[in-house]
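Single-letter residue listing:
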Amino acid sequence: RLLSSIEKIQEKHKIVYQSPVPQKGYFVPVTIAENVRAEDEMAQQEFFGPVLALMKARNLDEALQIANSTEYA
């Protein structure tokens, strides 16, 4: 399910880093996407894996507002 989510993220956001994964075993690549907006699906979902959304905020107050705008805040 996490790999499927990463595929959707790649369609909508610019991936700035994705780690290589070994061919043997079960691994999920570390994935970092940039310019994610607070209202984007990626920002509103909770991922239990190595997935990071980079978002811009004008100041600390806006950053806190973004962090608290999710259902799982």
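In the block above lies the structure referred to throughout.
Here's what I pulled together on the structure shown here. No experiment lies behind these values; they were computed from the predicted model shown.

**Considerations on the overall build of the chain**
Here is step 1: Helices and strands together make up the secondary structure of the chain, namely three helices and three strands.
Here is step 2: The helix and strand sequence of the chain, counted from the amino end, reads α-β-β-α-β-α.
Here is step 3: Referenced to the eigenvectors of the C-alpha coordinate spread, the extents of the chain come out at roughly 45 × 25 × 20 Å.
Here is step 4: When each of the 73 residues of the chain is scored for burial, the buried share is 26%.
Here is step 5: Across the chain, every contact between residues at least 6 apart in sequence was considered, and the portion connecting residues at least 24 apart equals 32%.
Here is step 6: As presented, the chain carries roughly 5800 Å² of accessible surface, and 51% of it is formed by carbon and sulfur atoms.

**Points about the pairing of strand β2 (residues 31-34)**
Regular strands place side chains that alternate from one sheet face to the opposite one.
Here is step 1: Both strand β1 (residues 14-18) and β2 contribute to a ladder of four bridges, which runs antiparallel. Within the sheet, the bridge partner assigned to Tyr17 lies in β2 and is Ile32.
Here is step 2: Looking at chain direction, β2 and strand β3 (residues 51-53) are connected through three bridges and run parallel. Directly across from Thr31, in β3, lies its bridge partner Val51.

**Regarding the layout of surface pockets**
Here is step 1: Counted as a void, the largest pocket has a volume near 180 Å³.
Here is step 2: In terms of lining residues, the largest pocket is bounded by Arg1, Leu2, Ser5, Gln45, Glu46, Phe47 and Phe48.
Here is step 3: Its residues placed into classes, the lining of the largest pocket shows three nonpolar, two polar and two charged.

**Some remarks on a nonpolar patch on the surface**
Here is step 1: There is a patch of nonpolar side chains on the surface, built from Val16, Tyr17, Val30, Leu52 and Leu54 and spanning about 400 Å² of accessible area.
Here is step 2: When you line up the elements, Leu52 lands in strand β3.
Here is step 3: By relative accessible area, which is 42% here, Leu52 ends up partly exposed.

**Topic: the sheet that holds β3**
Here is step 1: Here three strands make up an open sheet; going across it, the order is β1-β2-β3 and the pairing mixed. Both outer strands of the open sheet, β1 and β3, are each paired with one neighbouring strand and no more. Averaged over neighbouring strand pairs, the angle between their axes works out to 20° when direction is ignored.
Here is step 2: The sheet strands contacting helix α1 (residues 2-12) are β1, β2 and β3, and the helix crosses β1 at an angle near 130°.

Criteria and thresholds
- Residues numbered from 1 in each chain as written.
- Predicted model: local features only at pLDDT ≥ 70, side-chain atom pairs only at ≥ 80, totals over all residues.
- Heavy atoms only, no water.
- Helix = DSSP H or I, 4+ residues; strand = E, 2+ residues; numbered from the N terminus.
- Buried < 20%, exposed > 50% of the residue type's maximum accessible area, 1.4 Å probe, protein only.
- Contact = heavy atoms within 4.5 Å.
- Areas by Shrake-Rupley, 256 points an atom, 1.4 Å probe, with all protein chains shown as cover.
- Pairing = 2+ DSSP bridges.
- 1 Å grid on protein atoms, 1.4 Å probe; cavity = no way out; pocket = protein on both sides within 12 Å on 5 of 7 lines; lining within 4 Å.
- Points joined across faces, edges and corners; volume = space filled by probe spheres on them.
- Nonpolar A, V, L, I, M, F, W, Y, C, P; charged D, E, K, R; others polar.
- Patch = residues over 30% accessible without salt bridge, like charges linked within 9 Å, V, L, I, M, F, W, Y side chains within 5 Å.
- Salt bridge = Lys/Arg side-chain N within 4 Å of Asp/Glu carboxyl O.
- Axes fitted to C-alpha atoms, helices over the stretch in contact; angles between N-to-C directions.

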